[in-house]
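# Architecture and fold: a report
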Amino acid sequence: MTTTFTTEDLITAAKSIVKDEKCPNCADLACPGWETMPSSFNQDELNLIGTLKSENEESWDEYHPHGTQIWSANAPIAPNFHPYNKCDLYQCQKCTQMYLRYTEYGGYYVDQRIRLVTPELIDGASHS
Ligand SMILES: [Zn+2]
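Residues numbered from 1 in each chain as written. Predicted model: local features only at pLDDT ≥ 70, side-chain atom pairs only at ≥ 80, totals over all residues.

As a further point, take the overall build of the chain. Counting its regular elements, the chain contains 2 helices and 5 strands. When the helices and strands of the chain are read in sequence order from the N terminus, they spell out α-α-β-β-β-β-β. For a compact globule of 128 residues, the expected C-alpha radius of gyration is about 14 Å, and the chain comes in at 14 Å, within 12% of that figure. Once the C-alpha set of the chain is aligned to its principal axes, its extents read approximately 40 × 35 × 35 Å. (Helix = DSSP H or I, 4+ residues; strand = E, 2+ residues; numbered from the N terminus. Rg over C-alpha atoms; globule rule 2.2 N^0.38 Å.)

Here's what the structure looks like:
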């Protein structure tokens, strides 16, 4: 069974990230904001460590209090909002970098997306 992470769990987990130590595989992956998973990236090094999916998985509201948008590199990582509420959390077993991943289902495509976990951007805001 996959562990469900709350915002607090995510913040705690993110403290284990060794910021400046990226293995070559992760160093090649530039995804401070959401990116389509590059086919060159070796996903074998990633361990699934939990999920942010919760009862509000169906919500499509986004959280951008400071004028960011979904693709912004400085957009908040807000687990209670789209697309974070559809994400699984992965960690590189080589270098501790953490990633969020979800699958975008368009009309004619399926897009695997990945974003680096930046601890400073995690925001526990909830729906009012
Ligand atoms: Zn790595």
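Additional details are given in the paragraphs that follow.
Glancing now at the nonpolar core. Counting 20 residues, the largest nonpolar core has L52, Y84, C87, L89, Y99, L100 and V117 as its most contacted members. Within the residue set of this core, elements represented by two or more residues are β3 (88-92), β4 (98-105) and β5 (110-116). No other element matches the 4 residues that β4 contributes to this core. Ignoring any residue separated from it by four or fewer positions in sequence, one finds Y84 in contact with L52, I77, A78, P79 and L100. (Core = buried A, V, L, I, M, F, W, Y, C linked by C-beta atoms within 7 Å. Buried ≥ 20, exposed ≤ 12 C-beta atoms within 10 Å, placed from the backbone. Contact = placed C-beta atoms within 7 Å.)

The next point concerns the pairing of β5. Relative to β5, strand β1 (residues 35-36) is paired through 2 bridges, and the arrangement is antiparallel. Looking at the pairing, E35 lines up with I114 of β5. Note: β4 against β5, 7 bridges, orientation antiparallel. Looking at β5, one finds that Y99 is bridged to L116. Between the antiparallel neighbours β4 and β5 lie 4 residues. (Pairing = 2+ DSSP bridges.)

Cis geometry is found at the peptide bond from H82 to P83, where omega equals 0°. Non-glycine residue T96 carries a positive phi angle of around 75°. Structurally, the position occupied by T96 is in the loop between β3 and β4. Looking at T96, the number of C-beta atoms within 10 Å reads 15, which means it is partly exposed.

Note: β3 against β4, 4 bridges, orientation antiparallel. Residue Q91 lies in a different strand from β4, and its bridge partner there is M98. Here β3 hands over to β4 after 5 residues, with T96 in that stretch at a positive phi of 75°.

What follows is about the sheet that holds strand β2 (residues 46-51). Reading across from one edge, β1-β5-β4-β3-β2 is the order of the 5 strands in this open sheet, with antiparallel pairing throughout. The open sheet is flanked by β1 and β2, the only strands paired with a single partner.

Moving on, we come to the confidence of the model for the chain. When pLDDT is averaged along the chain, the result is 94, and 100% of the positions lie at 70 or above. Across the chain, the element-wise mean pLDDT spans from 95 in helix α2 (residues 24-27) up to 98 in β3. (pLDDT = per-residue confidence, 0-100.)

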